[in-house]
Amino acid sequence: MEKQVQATELAMLVQQQAELKRGISIADNALAKSKADVAQLTGRVTHLAQQLQHAHEVRSSTFTFLEASIQTWRVQSALFFSLSSAAAAGTQGAQHFWLS
């Protein structure tokens, strides 16, 4: 009888050990998947950081270009206004010269 109890207890221990091994295997697989997910997310974050840096550089260079374009436009406008004023004054001066 005692041997039968011991055999039953041993069978239960073997079954528990098998269940523990399955649990450990499941946990190991989940851990491996989690590590892979973290590696993938790290890669994505790195890629997004690079894209953000590139966008910032493009924005900065575009802003610089726009500032230079506005400054060029201001200079051209001032030059055009000066030339227009000089031409108008020259025309009025010529008319005054020829009419007198």
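Quick note: structure is the one above.
All of the points below concern the structure found in this document. (Residues numbered from 1 in each chain as written. Predicted model: local features only at pLDDT ≥ 70, side-chain atom pairs only at ≥ 80, totals over all residues. Heavy atoms only, no water.)

Focus: the overall build of the protein
Step number 1: Counting its secondary structure elements, the protein contains 1 helix and 0 strands.
Step number 2: Put simply, the protein has 100 residues, and 0% of those count as buried.
Step number 3: With the model as given, the accessible surface of the protein reaches about 9200 Å², and the carbon-plus-sulfur share is 67%. (Helix = DSSP H or I, 4+ residues; strand = E, 2+ residues; numbered from the N terminus. Buried < 20%, exposed > 50% of the residue type's maximum accessible area, 1.4 Å probe, protein only. Areas by Shrake-Rupley, 256 points an atom, 1.4 Å probe, with all protein chains shown as cover.)

Digging into the pattern of salt bridges
Step number 1: Tallying each qualifying case throughout the model produces 1 salt bridge.
Step number 2: We note a salt bridge from lysine 33 to aspartate 37, for which the minimum N-O separation is 3.3 Å. Residue lysine 33 and its partner aspartate 37 are located together in helix α1 (residues 2-99), separated by 4 residues, close to a single helical turn. (Salt bridge = Lys/Arg side-chain N within 4 Å of Asp/Glu carboxyl O.)

Observations concerning a nonpolar patch on the surface
Step number 1: Taken together, Leu10, Leu13 and Val14 make up a surface patch of nonpolar side chains, about 290 Å² in accessible area.
Step number 2: Here leucine 13 lies in helix α1. (Patch = residues over 30% accessible without salt bridge, like charges linked within 9 Å, V, L, I, M, F, W, Y side chains within 5 Å.)

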